[in-house]
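Here is how the chains run, residue by residue.
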Amino acid sequence: MAAPVDDMFSSCVDSVKAAAAVEVRFIDSMKGKGLFAKRSFKKGDSIFLERPLIAAQFLWNSLYKYKACDFCLRALETAEDNARRLSGVPGLRLPHPELCRVRPELHQACPQCQVMYCSSECRQAAADQYHGVLCLGPSRDDPDHPINKLADAWRSVHFPPETCSIMLMARMVSVVKQAKDGARWQTLFSHFCSRAANEEDEIVHKLLGEKFRGQLAVLQSLFKAALYDESLSRWFVPDGFRSLFALVGTNGQGIGTSSLSQWVHACDALQLPVQQREQLDSFIDQLYKDIEKETGDFLNCEGSGLFLLQSSCNHSCIPNAEASFPDNNFLLQLGAVRDISAGEEICISYLDCCQRDRSRHSRHKILRENYLFVCSCPKCATEMDEPDVTSDEEEEEEGEAEGETEGDEMEDEMTDV
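What counts and how
Residues numbered from 1 in each chain as written. Predicted model: local features only at pLDDT ≥ 70, side-chain atom pairs only at ≥ 80, totals over all residues. Heavy atoms only, no water. Helix = DSSP H or I, 4+ residues; strand = E, 2+ residues; numbered from the N terminus. Buried < 20%, exposed > 50% of the residue type's maximum accessible area, 1.4 Å probe, protein only. Contact = heavy atoms within 4.5 Å. Areas by Shrake-Rupley, 256 points an atom, 1.4 Å probe, with all protein chains shown as cover. Core = buried A, V, L, I, M, F, W, Y, C linked by side-chain atoms within 4.5 Å. Pairing = 2+ DSSP bridges. Arc of directions from axis to C-beta. Polar contact = N/O pair within 3.5 Å; in protein donor to acceptor, adjacent residues only side chain to side chain. 1 Å grid on protein atoms, 1.4 Å probe; cavity = no way out; pocket = protein on both sides within 12 Å on 5 of 7 lines; lining within 4 Å. Points joined across faces, edges and corners; volume = space filled by probe spheres on them. Nonpolar A, V, L, I, M, F, W, Y, C, P; charged D, E, K, R; others polar. Phe/Tyr/Trp six-rings, centres within 6.5 Å; stacked < 30°, edge-to-face > 60°.

Q: Would you mind going over the overall build of the chain with me for this structure?
A: On a plain count of helices and strands, the chain comes out with 16 helices and 14 strands. Every one of the 417 residues in the chain was classed for burial, and the buried ones make up 47%. Excluding contacts between residues fewer than 6 apart, the proportion of contacts in the chain whose partners are at least 24 apart in sequence is 71%. Of the accessible surface of the chain, which amounts to about 21200 Å², a share of 49% is contributed by carbon and sulfur atoms.

Q: Even after reading the chapter, I still don't get unusual backbone geometry, so can you show me in this structure?
A: What you tend to see is this: most non-glycine residues have negative phi, and most peptide bonds are trans. Phi is positive for L73, which is not a glycine, with a value near 70°. You can see L73 is positioned in the loop between α3 (59-63) and α4 (79-87). Residue classification places L73 among the buried residues on the basis of a relative accessible area of 2%. The phi torsion at Q114 lies on the positive side, around 70°, for a residue other than glycine. Note on placement: Q114 falls in the loop between β5 (108-109) and β6 (116-117).

Q: I would appreciate a short explanation of the nonpolar core in the present structure.
A: Generally speaking, nonpolar side chains in soluble globular proteins are found buried as a group. Ranked by internal contacts, the top residues of the largest apolar core, which has 78 residues, are I47, F189, F223, L334 and I346. Ranked by residue count, the leading element in this core is helix α7 (residues 166-178), at nine residues. When neighbours within four sequence positions are excluded, I47 is seen to be in contact with A21, V22, F41, A321, L334, G335, A336, I340 and I346. If you look at the next biggest cluster of nonpolar residues, it comprises 21 residues, including A75, A83, L99 and L260.

Q: Please clarify how the pairing of strand β2 (residues 32-37) should be interpreted in this entry.
A: Of all six residues making up β2, five are buried, and the element is well covered by its neighbours. Pairing geometry for strand β1 (residues 22-28) and β2, over six bridges, is antiparallel. Bridge pairing in β2 places V24 opposite L35. Here β1 hands over to β2 after three residues, the two strands then running antiparallel side by side. Direction of pairing for β2 relative to strand β14 (residues 345-348): antiparallel, over a ladder of two bridges.

Q: In this structure, what is going on with helix α8 (residues 182-189)? I would like to understand it.
A: Given 3.6 residues per turn, any residue in an α-helix points the same way as the ones three and four places further on. Along α8, the residues that are buried comprise G182, W185, Q186, L188 and F189. Projected onto a plane normal to the axis of α8, the buried residues spread over an arc of 160° and lie on a single side.

Q: Sorry if this is basic, but what is going on with the side chain of N251 here?
A: For N251, the position within the fold is in helix α10 (residues 238-251). Residue class for N251 comes out buried when judged on its relative accessible area of 10%. Here T250 takes part through its side chain, which lies 3.2 Å from a polar atom of the side chain of N251. Residues contacting N251, with those up to four places away along its chain left out, are F192, C193, G305, L306 and S311.

Q: What's the story with empty space enclosed by the protein in this structure? I'm lost.
A: Unfilled space is identified by rolling a water-sized probe across the atoms. Enumeration according to the criterion identifies two cavities of 30 Å³ or more in this entry. Looking at the largest cavity, its volume works out to about 50 Å³. Considering the residues around the largest cavity, the lining is formed by P52, L53, I54, A55, F71, Q129, Y130, R171 and F330. If you list the elements that add at least two residues to the lining of the largest cavity, you get β4 (54-57) and α5 (120-134). Volume-wise, the second largest cavity comes out at about 30 Å³. The wall of the second largest cavity is formed by Y66, A75, E77, N82, R85, T257, S258, S259, L299, N300 and C301. Looking at the lining of the second largest cavity, its residues break down into four nonpolar, five polar and two charged.

Q: Any chance you could explain the packing of aromatic side chains here in plain terms?
A: Two descriptors summarise a pair of aromatic rings, namely the distance from one centre to the other and the angle between the planes of the rings. With the rule as written, the count across this model stands at 14 aromatic pairs. Consider the rings of Y350 and Y371, whose centres lie 4.7 Å apart with planes at 45°: the pair is tilted. Here Y350, found in the loop between β14 and α13 (353-356), pairs with Y371, found in helix α14 (residues 360-371); they are 21 residues apart in sequence, far enough to count as distant. On the basis of relative accessibility, which here comes to 23%, the residue Y350 falls in the partly exposed class. With a centroid separation of 6.0 Å and 85° between ring planes, the pair formed by Y350 and F373 is classed as edge-to-face.

Okay, structure coming up:
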């Protein structure tokens, strides 16, 4: 049975195209719902486009001067400025600067707190949806402001790479508080799974275990001090806060935007004489080498969003679809990575490419700790006879053989596996 489409949901997805292409069905009590194709798709086809209900940039990402629109997460730096910062070369000049799509002349700031947006439309949308509650005004740099204290506490317990954000939870509260009909927003948020544990398989979300109980108590207290609302009182008590935390942790879809990446793709599409093509490719190759040396893997403006339709996709270690962000903002495109037949379940991978290459046991460890299930996809089924050793354990064994013992004294923190 297909899930009903809410009016607010329709504003996030092209509901006419989505209704013709996919449907949400209940599978069973273990897997819950899933997304299924109503027609066939060829490899490379766009299955649907979707805007998130809410999105937020990661706090560490913002602190390290990755400039993104506070509403849609579009990268705000020009490709050239982005390349200069990432490479550490302040005088760097990019060829073909006209290919950069960033338009600084359209950027606008909140007149009260100076938070930046890529356009007047995004500034107004943020003001209408959540920013009235979260605007700090002249207190933006005040460390004692309750919202700043909450953000600082989050950064102190969750170092990069971030996998979710306390600010996504803050925006959930804010949109309900600002909305004329907050109950409708609460109904929409209720569509997301918010289990903190899988009792049947005795799995607890890795960020909600005993070793983080003290940190969660601090975050809950600060969250309540900054945002409490009587109509949402259940979100501010310990169990409700844990459920909210589990919701953004298990449903938040990572969003990455980059003006430099957009420029590179535009360069790739240029029709150039052979010598000019070789020179441009050589320039780009060297640029990425310089960036890797200076910045490492942290190239994008990064954040997380809650997408109603995309969140219905179950995981497979050999997915038939994947999410991308072709407009360099929070607009998600779900695309087919292989042919999909009508009636087939549409699955994405909750693991990144490197994680998918790990052993079955290692993949299961990540999925249990972060998403509370044991994967039974075809790839996992064919690898059932593999030894139960995770990739991390293999690395630790190698390290011990070399006499390495670092890390035993490090304080536990809410970092990704």
